[in-house]
Amino acid sequence: MGKQVWRVVVAGCAAAAFTTVAAAPAGAAEGGVSFSRVQVNGGKPIVIGVSEVAVPASFRMTTTHKWNYPAVFLYRKGADRLWHAIETSDCIKVKSDVCDFNETMYFDPSVWDMRNSEAGAWKVGAEVYFKGGGADVDDKGLTIQVKRDSRLTVNASPEPVAKGKTITVTGKVTRANWETKKYGSYGGRLVGLQFKPAGATSYTTVKKVYSNGSGNLRTTVKASKTGTWRWAYNGNTTTGPSTSSGDHVVVK
């Protein structure tokens, strides 16, 4: 199947047409086009670190017009779009004048100047350009959360440890900074310390600890049995969840 690649660079290429999006009811077809079955990332939040993330999308378009470049996209406040590149499939014909499309959105803070303030809720729009001029742009009534990626590290010591003695578990929580294109300390986060006994298949949260201003985590527990320790952070409206690797400690 052939692919067409279109880079979205803010709203400049379609600002005039896009200003109608906020007022357009979901499923509208003012320009002779109807978009339906719109999905972006399966409805799940889009979590972006500091390198490229590919996000799947799909939609159905019905029109009798001759068209170019159909796509779904993310927007806020009229013509403010989230910068990304897209790759859209050729028409997957359903019937006359009805096409299904598969789309991939590519978000990459290392290429585009993404702002940390862009984390949060975005609306979903759909658009198509017509051969010979003109376009149709619709608000699809969907909201997608776009979040900054977070990371966790862990270290449990001493290893091995005598039963009943103290284990010190440390770590650090960081979050993607889209502006510096690096991960930075994420202080004041409530993070769960989890434990999985040897032979078990799942972790249990033992206690919760706040990271300090530098994102560092530190707590102590009593050694009772051999097993693996890790940190887990649930995330928030602008930051994705994360889980550290596990640190196995043998209790003698």
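In this text, all values refer to a predicted model and were calculated from it rather than measured experimentally.

Asks: I would appreciate a short explanation of the sheet that holds strand 3 (residues 46–48) in the present structure.
Replies: Strands belonging to one sheet form pairs held by backbone hydrogen bonds; the direction of such a pair is parallel or antiparallel. Spatially, 3-11-10-5-6 is the arrangement adopted by the five strands of the open sheet, whose pairing is mixed. At either margin of the open sheet sits one strand with a lone partner, and together these are strand 3 and strand 6 (80–81). As paired strands, strand 3 and strand 11 (residues 135–148) are joined by three bridges and run parallel to one another. Within strand 11, the residue paired with Val 47 across the bridge is Lys 147.

Asks: I tried to follow the confidence of the model for the protein on my own but got confused; where do I start?
Replies: Counting all residues, the mean pLDDT for the protein is 88, and 87% of those residues have values of 70 or more. Segment residues 1–29: pLDDT under 50, and 71 contacts once partners within four positions in sequence are set aside and those in other chains are kept.

Asks: How should I be thinking about the side chain of Asn 41 in this particular structure?
Replies: Relative to the helices and strands, Asn 41 is located in the loop between strand 2 (33–40) and strand 3. Look past the residues within four positions of Asn 41 in its chain and what remains in contact with it is Ile 46, Val 55 and Pro 56.

Asks: Sorry if this is basic, but what is going on with the environment of Ser 51 here?
Replies: Mapped onto the elements of the fold, Ser 51 is located in the loop between strand 3 and strand 4 (53–63). Spatially, the C-alpha atom of Ser 51 lies 9.9 Å from that of Tyr 106, the residues being 55 residues apart in sequence. Ignoring sequence-local partners within four residues, the contact set of Ser 51 consists of Phe 107, Asp 108 and Pro 109.

Quick notes on the rules
Residues numbered from 1 in each chain as written. Predicted model: local features only at pLDDT ≥ 70, side-chain atom pairs only at ≥ 80, totals over all residues. Heavy atoms only, no water. Pairing = 2+ DSSP bridges. Helix = DSSP H or I, 4+ residues; strand = E, 2+ residues; numbered from the N terminus. pLDDT = per-residue confidence, 0-100. Contact = heavy atoms within 4.5 Å.

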